[in-house]
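Each chain, letter by letter, is given below.
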Protein chains: 2
Amino acid sequence: MAVPPLRFAAIGLDHRHIYHQVGRLLDLGCTCTGFWTEGEPQPLGGFLERFPDLSRADDPARLLEDLDVDLIVTAAIPDERAGVAVRAMRNGKDVMTDKPGVTTPEQLAEVKRVQTETGRIWSVDFSERFEVRAMTRAAELVEAGAIGEVVHLTGFGPHRLNRPLRPPWFFDPARTGGILCDLASHQIDQFLYLTGAEDAEIAASTVANRANPDDLELEDYGEVLLRTERATGFFRVDWYTPDGLSTWGDGRLTVLGTEGFIEVRKYVDIAGASGTDHLFLVDKAGTRRVDCRDAPLPYYEALVRDVRERSETAMSQGHCFNVMELALRAQARARRLP
Amino acid sequence: MAVPPLRFAAIGLDHRHIYHQVGRLLDLGCTCTGFWTEGEPQPLGGFLERFPDLSRADDPARLLEDLDVDLIVTAAIPDERAGVAVRAMRNGKDVMTDKPGVTTPEQLAEVKRVQTETGRIWSVDFSERFEVRAMTRAAELVEAGAIGEVVHLTGFGPHRLNRPLRPPWFFDPARTGGILCDLASHQIDQFLYLTGAEDAEIAASTVANRANPDDLELEDYGEVLLRTERATGFFRVDWYTPDGLSTWGDGRLTVLGTEGFIEVRKYVDIAGASGTDHLFLVDKAGTRRVDCRDAPLPYYEALVRDVRERSETAMSQGHCFNVMELALRAQARARRLP
């Protein structure tokens, strides 16, 4: 091979997103030096089943200080991810973190400072874009002008609560960052990406707990309205997915343009076609489903290239920071309904 | 017949909604005394084709002062509807007006004052609910608790511009009341109706002109975010429906509850099933289409009964006023994007 194989390690297996964070890197031929996690988090069993050959380190420092490790991936408890990232960057390693990546403005400031000082990559895996072929296609269509100028995005990010699988930290916004920081960061990423905006005004944001009165601190509903000079975006997220849905959430994105619109039904077409990645395009010429099966998912491969070549193709560092900045701002300013 | 037949007259044929306003009353056995309209508005030709037996009065006073007329229906130019309604009520007649019914707070105040003084009915025909069987069914499901408590509504009200059919007043917000007053009043009606709220806060509202730069005053996009203590509602309306859509607009309403959700695709199921009134219900038990063919459209029949029996069953007078109050407030406070 022209370039040496990338080596990575996983620190913190507290969220199941770690499965694809590790799995996709292995699929690309990267080598996993090992993993470390505190205790026995719920995803650990599935991780060991999926990756029986990976060895567990008895101290995270063994991986964070390993000179052969290029990249640290983490799906630790959300409020611990920034700490992992900072240690990793200070040890000369790039970082790919499960969202939200940070849970407070102070954490974001420190991650920014250390990223700037070290020149390392800090990449949040916005999986509701990076793992969805229909989102790649939607972005291609918008870029090609298929719907004219983008005026508005509406996004739904419903999730299944899955109470029996959830550890105590899940119910504590101090640890997750709150529902807008955690879940709406996906949607904010999509808004900035598809409108090409660097920043936006938070016109309004709201959180509530309506279905889980015994979990006093939990936010089970959140929404944010973003506004730039050229576009607006309304996004709602929740933990209400009913058991009768065949998947974890009916994630949707509608992109309204001056000359047409795109609707993406990411994970399910309710009472409709089977499978995932349902993209509908309505324009001057007609109304049709657009096939997304051959749309690529370039994030992981681009990130590996970026690590090797010190490039910035998977996602710009500024975009990644701006998304989390907006998510934290939406969270901090949210009106909490009684 | 136990009750004498209701007699009505039509004043102002400036919007094609007059077709169903008149047609449905005739279908119910009501008698149309005649119509009056200024000049030759675009809908007149279609009106004469549909209702060749109706006679045109040469003076609106002939109809407004006719002692045998019980009800005045109007689809005059929006800023003239309040004047028609006030004259009608002062002459002892009830009123059914095309939305928005009023275009300024001053008009609303006068309509309220005269309605209170005269005890007449002032009813705005919110056709995006009253003419949609799937909306009747959605309301039945919500009322029956099918999705738990309502947390949020998202509504899309896109419309086709149809430029060749539009008179000059269409492009002047001073005459239409603006896009939120005109189109979003439908959505606000649905929000208050389905949440049971009497009032709401305007958390944010926005208007823009993005696709029609030569029509300087036109608003071709609008959105409003409503918030009560128990629910929120985001609604967007526009004049962007592309020619490739088989109907005038892909009107949608999604009602998110704590135990499930309902999606209504009112007029078209894009690249899906044929026909109108597509209602999807996702709850604990499953994901399914709900048949709406036998759902009634009770508004017109109830209004006729209300006129005869001085009851208030088609829509409460307070609700009707509150919807227009909110629509005017959303319009007045809207941020206009450049």
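Quick caveat, the model's predicted, so the values are computed rather than measured.

### Points about the overall build of chain A
- Check the secondary structure of chain A and you find 12 helices and 14 strands.
- The C-alpha atoms of chain A give a radius of gyration of 20 Å, which matches the 20 Å a tight globule of 338 residues would have.
- Expressed as a percentage of contacts within chain A between residues at least 6 apart in sequence, the contacts between residues at least 24 apart total 70%.
- As displayed, chain A offers around 12800 Å² of accessible surface, 48% of which is attributable to carbon and sulfur atoms.
- Across chain A, the mean location of the 39 positive side-chain charges is 2 Å away from that of the 53 negative side-chain charges.

### Thoughts on the relation of the copies chain B and chain A
- The transform that puts chain B on chain A rotates by 180° and translates by 0.0 Å along the axis, for an RMSD of 0.0 Å. Look at the turn and shift together and you get a two-fold axis relating the two. Identified as the residue of chain B closest to the rotation axis by C-alpha distance is B:A204, at 3.4 Å.
- Both copies present the same face, since 100% of the interface residues in chain B are matched by interface residues at the equivalent positions in chain A.

### Re the interface of chain B and chain A
- Facing 55 residues of chain B, the contacting portion of chain A comprises 55 residues.
- Its largest share of buried area at the contact with chain A, chain B owes to B:R210, B:R227 and B:I270, together 14% of the area lost on that side.
- Our enumeration of links across chain B and chain A arrives at 6 salt bridges.
- Our count for the contact surface shared by chain B and chain A stands at 26 residue pairs in polar contact (both at pLDDT 80 or more).
- Mapped by element, the contributors of at least two residues to the side of chain B that touches chain A are β6 (150-158), β7 (201-208), β8 (221-227), β9 (232-238), β10 (252-257), β11 (260-265), β12 (278-283) and β13 (286-290) of chain B.

### Describing the pairing of strand β2 (residues 31-36) of chain B
All names here are of chain B.
- Burial runs high along β2: 5 of the 6 residues are buried.
- Here strand β1 (residues 7-13) pairs with β2 via 5 bridges, running parallel. The residue bridging I11 from the neighbouring strand is W36, located in β2.

### A look at the sheet that holds strand β5 (residues 122-125) of chain A
All names here are of chain A.
- Pairing is parallel in the open sheet, where 5 strands are placed in the order β2-β1-β3-β4-β5. Both edges of this open sheet fall to β2 (31-36) and β5, since each of them pairs with a single strand only. Here the strands of the sheet are splayed against their neighbours by 20° on average, with no regard to which way each runs.
- Note: strand β1 (residues 7-13) against strand β3 (residues 71-75), 4 bridges, orientation parallel.

### What to know about helix α5 (residues 105-118) of chain B
Residue and element names in this part refer to chain B.
- Across its 14 residues, α5 extends 20 Å between first and last C-alpha, which sits within 8% of the 20 Å expected from 1.5 Å per residue.
- Residues Q107, L108, V111, V114 and Q115 constitute the buried set of α5. For α5, the angular spread of buried residues about the axis comes to 135°, placing them on one side. Facing away from the buried side of α5 by over 90 degrees, the exposed positions are P105, E106, T116 and E117.
- Among the structural elements, α4 (78-90), β5 (122-125) and α12 (317-333) are those in contact with the buried residues of α5.
- After α5 finishes, the residue G119 shows a positive phi value of roughly 70°.

### What about the side chain of B:T97?
- Mapping B:T97 onto the fold places it in strand β4 (residues 94-98).
- Leaving out residues up to four positions away in the same chain, B:T97 has contacts with B:Q21, B:T74, B:R81, B:W122, B:S123, B:V124 and B:D125.

### Some remarks on unusual backbone geometry
Residue and element names in this part refer to chain A.
- Note the cis peptide between K99 and P100, where omega equals 10°.
- Mapped onto the elements of the fold, P100 is located in the loop between β4 (94-98) and α5 (105-118).
- Phi angles above zero are rare outside glycine, and N162 is one such case at about 50°.
- Mapped onto the fold, N162 is located in the loop between β6 (150-158) and α8 (173-176).
- Positive phi, normally seen in glycine, also occurs at D277, with a value near 60°.

### Describing the packing of helix α4 (residues 78-90) of chain A against α5(A)
Residues and elements named next belong to chain A.
- Where α4 contacts α5, the axes come no closer than 10 Å and their chain directions differ by 15°. Classified by the angle their axes make, α4 and α5 are roughly parallel. Seen along the crossing, α4 lies across α5 with a hand that is left-handed. For the pair α4 and α5, the contacting residues are D79, A82, V86, M89 and R90 in the first and Q107, E110, V111, V114, Q115, E117 and T118 in the second.
- Residue composition of the contact of α4 with α5, grouped by class: 5 nonpolar, 3 polar and 4 charged.

### Brief notes about the packing of aromatic side chains
Residues and elements named next belong to chain A.
- Counted under the stated rule, the structure contains 21 aromatic pairs over all chains.
- Seen from their ring centres, F126 and F130 are 6.3 Å apart, and the 50° between their planes marks the pair as tilted. Across this residue pair, the class does not change: F126 and F130 are buried.
- An aromatic cluster of at least three residues, connected via ring pairs, comprises F126, F130, Y299 and Y300.
- Seen from the ring of Y193, R129 lies directly overhead, with NZ or CZ sitting 3.7 Å from the centre.

### Focus: the confidence of the model for chain A
- Predicted confidence across chain A gives a mean pLDDT of 97, with 99% of residues reaching 70 or more.
- The ipTM for the predicted assembly is 0.96, set against a pTM of 0.97.

### Here's the deal with the side chain of B:E219
Residues and elements named next belong to chain B.
- Mapped onto the secondary structure, E219 falls in the loop between β7 and β8.
- Buried charge without a partner: E219 forms no salt bridge, and the closest opposite charge is R336, 4.2 Å away.
- Looking at E219, its side chain comes within polar contact range of the side chain of Q331, at 3.0 Å.
- Look past the residues within four positions of E219 in its chain and what remains in contact with it is P173, G178, I179, V207, A208, W239, Q331 and R336.

What counts as what
- Residues numbered from 1 in each chain as written.
- Chains lettered and ligands numbered in written order.
- Predicted model: local features only at pLDDT ≥ 70, side-chain atom pairs only at ≥ 80, totals over all residues.
- Heavy atoms only, no water.
- Helix = DSSP H or I, 4+ residues; strand = E, 2+ residues; numbered from the N terminus.
- Rg over C-alpha atoms; globule rule 2.2 N^0.38 Å.
- Contact = heavy atoms within 4.5 Å.
- Areas by Shrake-Rupley, 256 points an atom, 1.4 Å probe, with all protein chains shown as cover.
- Lys, Arg positive; Asp, Glu negative; His and termini not counted.
- Charge placed at Lys NZ, Arg CZ, Asp CG, Glu CD.
- Least-squares fit on C-alpha atoms with pLDDT ≥ 70 in both.
- Buried area = accessible area lost by both parts, 1.4 Å probe.
- Salt bridge = Lys/Arg side-chain N within 4 Å of Asp/Glu carboxyl O.
- Polar contact = N/O pair within 3.5 Å; in protein donor to acceptor, adjacent residues only side chain to side chain.
- Buried < 20%, exposed > 50% of the residue type's maximum accessible area, 1.4 Å probe, protein only.
- Pairing = 2+ DSSP bridges.
- Axes fitted to C-alpha atoms, helices over the stretch in contact; angles between N-to-C directions.
- Expected span 1.5 Å × (residues − 1).
- Arc of directions from axis to C-beta.
- Parallel < 35°, antiparallel > 145°, perpendicular 65-115°, else oblique.
- Left-handed = near helix turned anticlockwise from the far one by under 90°.
- Nonpolar A, V, L, I, M, F, W, Y, C, P; charged D, E, K, R; others polar.
- Phe/Tyr/Trp six-rings, centres within 6.5 Å; stacked < 30°, edge-to-face > 60°.
- Lys NZ or Arg CZ within 6 Å of the ring centre and 35° of its normal.
- pLDDT = per-residue confidence, 0-100.

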